[in-house]
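Observations on the three-dimensional arrangement
Here is what each chain is made of, one letter per residue.
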Amino acid sequence: MYRYKMVQVPPTITVKAKDNRSGLAAEYLENVVNEWAYQGWEFHRVDVIGIEKTSGLLGRKTDYNHYYVISFRKLIKA
């Protein structure tokens with residue numbers, strides 16, 4: 001049996017113009033995964049979760065946002 005941990009990460013990564021090299025998104029995710037792995041969590045997967053939010057007068061305005069979540073898991077004894 002596993003215990004799971006979900007970590008939300010930003011949908012975009014802001015970098016300075018001088019640091020415009022390829023692979024920054026992968027490097028960012030690698031750092032997050034390694035940070036949690038150091039704490040004993042095993043990387044499981046990355047998912048995109050869409051959220052629909054209604055607002056405005058009578059809830060007629062609908063906004064859609066996407067969030068990225070990294071899932072980790074840890075083996076536990078049953």
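Residues numbered from 1 in each chain as written. Predicted model: local features only at pLDDT ≥ 70, side-chain atom pairs only at ≥ 80, totals over all residues. Heavy atoms only, no water.

**Quick look at the environment of Arg-73**
Checked against the element boundaries, Arg-73 lands in strand S3 (residues 61-75). With a relative accessible area of 18%, Arg-73 lands in the buried category. Through-space distance from the C-alpha of Arg-73 to that of Met-6 is 8.8 Å; in sequence the pair is 67 residues apart. Those residues in contact with Arg-73 that sit more than four places away from it in its chain are Tyr-2, Arg-3, Tyr-4, Trp-41, Glu-42 and His-44. (Helix = DSSP H or I, 4+ residues; strand = E, 2+ residues; numbered from the N terminus. Buried < 20%, exposed > 50% of the residue type's maximum accessible area, 1.4 Å probe, protein only. Contact = heavy atoms within 4.5 Å.)

**A short note on the sheet that holds strand S1 (residues 2-9)**
Taking strand neighbours across the sheet as the criterion, the 3 strands line up as S1-S3-S2 in an open arrangement whose pairing is antiparallel. Edge positions in the sheet fall to S1 and strand S2 (42-55), since each of these pairs with one other strand and no more. Put simply, the sheet's adjacent strands are angled 30 degrees from each other on average, direction ignored. The pairing of S2 with S3 spans 13 bridges and is classified as antiparallel. Bridge pairing in S3 places Val-48 opposite Tyr-68. Of the strands in this sheet, S1, S2 and S3 touch helix H1 (residues 24-38), which is tilted by about 45 degrees from S3. (Pairing = 2+ DSSP bridges. Axes fitted to C-alpha atoms, helices over the stretch in contact; angles between N-to-C directions.)

**Looking at the nonpolar core**
Judged by nonpolar contacts, Val-7, Val-9, Val-32, Val-33, Trp-36, Trp-41, Ile-70 and Phe-72 together constitute the single largest core of 8 residues. Where this core is concerned, the elements lending two or more residues are S1, H1 and S3. The element best represented in this core is H1, accounting for 3 residues. Setting aside its immediate chain neighbours within four residues, Val-9 contacts Tyr-28, Leu-29, Val-32, Tyr-68 and Ile-70. (Core = buried A, V, L, I, M, F, W, Y, C linked by side-chain atoms within 4.5 Å.)

**Topic: the pattern of salt bridges**
If you walk through the whole model with that rule in mind, you get 2 salt bridges. Salt-bridge contacts for Glu-42 lead to Arg-73; the nearest nitrogen and oxygen are separated by 3.5 Å. Taken together, the positions of Glu-42 in strand S2 and Arg-73 in strand S3 put the pair 31 residues apart, joining distant regions of the chain. What makes Glu-42 partly exposed here is its relative accessible area of 39%. (Salt bridge = Lys/Arg side-chain N within 4 Å of Asp/Glu carboxyl O.)

**Some points on a nonpolar patch on the surface**
Residues Tyr-2, Tyr-4, Met-6 and Leu-75 make up a contiguous nonpolar surface patch of about 430 Å² in total accessible area. Here the nonpolar patch gets 3 residues from one element, more than from any other, and that element is S1. Of note, Met-6 is situated in strand S1. You can call Met-6 exposed: its relative accessible area is 51%. (Patch = residues over 30% accessible without salt bridge, like charges linked within 9 Å, V, L, I, M, F, W, Y side chains within 5 Å. Areas by Shrake-Rupley, 256 points an atom, 1.4 Å probe, with all protein chains shown as cover.)

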